[in-house]
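# Architecture and fold: a report
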There are 2 protein chains.
Amino acid sequence: MIITKAGRRMFPAMRVKISGLDPHQQYYIAMDIVPVDNKRYRYVYHSSKWMVAGNADSPVPPRVYIHPDSPASGETWMRQVISFDKLKLTNNELDDQGHIILHSMHKYQPRVHVIRKDCGDDLSPIKPIPSGEGVKAFSFPETVFTTVTAYQNQQITRLKIDRNPFAKGFRDSGRNRMGLEALVESYAFWRPSLRTLTFEDIPGIPKQGDFKTLKNLHSPLKLSNCWST
Amino acid sequence: MIITKAGRRMFPAMRVKISGLDPHQQYYIAMDIVPVDNKRYRYVYHSSKWMVAGNADSPVPPRVYIHPDSPASGETWMRQVISFDKLKLTNNELDDQGHIILHSMHKYQPRVHVIRKDCGDDLSPIKPIPSGEGVKAFSFPETVFTTVTAYQNQQITRLKIDRNPFAKGFRDSGRNRMGLEALVESYAFWRPSLRTLTFEDIPGIPKQGDFKTLKNLHSPLKLSNCWST
DNA sequence: ACTTTAGCACCTAGGTGGCAAAGT
DNA sequence: ACTTTGCCACCTAGGTGCTAAAGT
């Protein structure tokens, strides 16, 4: 994921569906993001792999994203897909916007927390999530990601551009078109169709680096991750 | 105020500051809009006045705008200016977006409600606001307005365009400029400066019809209206 | 004759990756 | 040598009054 000083959304956003709550009980739902290991990484271009590049940087202030619909009844939470699309990541350790602070070039995993109202009334974006009975945490292995300040890998860039509506300007039908490749493609029938293969390869690339898969997970637990499209 | 089928914001938005709450008590804050009288109005162009045009239309479903920061502690409410700028008005009696339903060509007045949490837990956009101890209502005479589907009065239109950032495209420096008046104004020094007086008159026009004044009211009560600019 | 609607051009507000420059 | 920053064009999303046409 890209992180910036001003704060950047995750894409795709974490989306989750809950069942098994008490419909009449009030709950907070929150997300935090924890390190996967104690390492710092670098991307090795020639092998297209993330490699360990030393130990993790010193810890950053822990932050919590409280879902903006909180608090709400179990009934309300269960009726909707719960989206974390407004959550923002930053690399600014002095951030005062309540964004989640992460180190660049580290591996992280988001966690979803379901917190019974009476256990969460002192919940705060800048305090760690309480633990104990009445608080449950969920995470999904396929949502592990690596933080960057600029994409390391053209395949990831391509996925972002193809899927994120806000990046439509960079799609092939956008302005890159009529830049260079567009001309090549427009006149492709004039030449051996070799170059286009480069693009047709992309759907099958091994997933790496940034987010790992886009497929649904139907969890046997109470939460299911709606990571899709 | 303009009302439409899809819903239209009020402009300027109602803004309010509260004091005297219990800092540690939780409150909801809500707004509803009630008829000023039982009449329907029409605008008489030659006299520049709203005149009674019969009795009010039959009542519409009552709606409540619950301030999106609700519920929050007294401390939180008192620390900020509370703005109702996301509230929307509609003339669609079958509205299912939770907007406030009003009749066109009627006079209305917004009311602000401060509701102690334990009295407001069954608050709903489509239910009337509960009454009793723990619920207080405030309203400000200068915020009475008349609903329309199209402005009746060039002075009101002008105020809206001048003050609302979203209407910048209609300002004199916008595209009307270079239309007609702009040319006149550009060459004003070529002619007797008679026409410009028409514009200089505007700041002093008697307020009428739509919203009545823009000045601050510093209420002796616990709420003060921040209607300004 | 008066009121309402639907589509429009023109804005605000803010989310994208690209890219050259700066930082380390 | 590698990483980060700041600014940019290009988008999405949605709030304005205008206008011609439709409704009543």
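Residues numbered from 1 in each chain as written. Chains lettered and ligands numbered in written order. Predicted model: local features only at pLDDT ≥ 70, side-chain atom pairs only at ≥ 80, totals over all residues. Heavy atoms only, no water.

### Describing the environment of A56 of chain A
All names here are of chain A. Following the sequence through the fold, A56 ends up in the loop between β5 (49–55) and β6 (65–66). A56 gets classed as partly exposed once you look at its relative accessible area, which sits at 28%. Sequence separation of A56 and D37 is 19 residues, and the distance between their C-alpha atoms is 8.0 Å. Not counting residues up to four positions away in its chain, the partners in contact with A56 are N38, K39, R40 and H106. (Helix = DSSP H or I, 4+ residues; strand = E, 2+ residues; numbered from the N terminus. Buried < 20%, exposed > 50% of the residue type's maximum accessible area, 1.4 Å probe, protein only. Contact = heavy atoms within 4.5 Å.)

### What to know about the environment of I66 of chain A
Residues and elements named next belong to chain A. Tracing the backbone shows I66 in strand β6. Taking relative accessible area as the criterion, I66 reaches 24% and is therefore assigned partly exposed. Sequence separation of I66 and I115 is 49 residues, and the distance between their C-alpha atoms is 10 Å. In this view, I66 contacts Y28, I29, A30, L123, S124 and P125; residues no more than four positions away in its chain are not counted.

### Considerations on the confidence of the model for chain A
On average, chain A scores 79 in pLDDT, and the residues at 70 or more come to 75%. Contacts from residues 174–222 of chain A, a stretch scored under 50 in pLDDT, to residues over four places away or in other chains number 67 contacts. (pLDDT = per-residue confidence, 0-100.)

### Quick notes on the sheet that holds strand β9 (residues 88–90) of chain B
All names here are of chain B. Spatially, β1-β9-β10 is the arrangement adopted by the three strands of the open sheet, whose pairing is mixed. Because the sheet does not close on itself, it has two edges, and the strands there are β1 (8–9) and β10 (100–101). When β1 meets β9, the two strands line up antiparallel, connected through two bridges. Considered in β9, the bridge of R8 is made with L89. (Pairing = 2+ DSSP bridges.)

### Things to note about the protein's contact with DNA strand D
Lining the immediate environment of DNA strand D, one finds 23 residues, of which N91, T149 and K168 of chain A together with R8 and Y151 of chain B sit closest. Taken together, the sugar and phosphate atoms account for 74% of what DNA strand D places within 4 Å of the protein. Note that a phosphate oxygen of DNA strand D is positioned 2.8 Å from one of the side-chain N or O atoms of N91 of chain A. The separation between a base nitrogen of DNA strand D and a polar main-chain atom of F166 of chain B is 2.9 Å. Of all the secondary structure elements, the ones that give two or more residues to the surface near DNA strand D are β1 and α2 (154–163) of chain B. Counting residues per element, the surface near DNA strand D draws most heavily on α2 of chain B, at three residues. Here the residues of the surface near DNA strand D are counted per class, giving nine nonpolar, seven polar and seven charged. (Near = heavy atom within 4 Å. Polar contact = N/O pair within 3.5 Å; in protein donor to acceptor, adjacent residues only side chain to side chain. Nonpolar A, V, L, I, M, F, W, Y, C, P; charged D, E, K, R; others polar.)

### Focus: the packing of aromatic side chains
In total, this model carries six aromatic pairs over all chains according to the counting rule given. Aromatic side chains Y108 of chain A and F145 of chain A sit 6.4 Å apart centroid to centroid with 40 degrees between the ring planes, which places their arrangement in the tilted category. Residue Y108 of chain A is found in strand β11 (residues 107–116), and its partner F145 of chain A is found in strand β13 (residues 145–146); the two are separated by 37 residues along the sequence. Given the relative accessible area of 0%, F145 of chain A is considered buried. Judged by centre distance (5.2 Å) and plane angle (65 degrees), the ring pair of Y43 of chain B and W50 of chain B falls under edge-to-face. The residues Y43 of chain B and W50 of chain B share a single accessibility class, namely buried. Over the face of the ring belonging to Y41 of chain A we find K107 of chain A, whose NZ or CZ atom lies 4.7 Å from the ring centre. (Phe/Tyr/Trp six-rings, centres within 6.5 Å; stacked < 30°, edge-to-face > 60°. Lys NZ or Arg CZ within 6 Å of the ring centre and 35° of its normal.)

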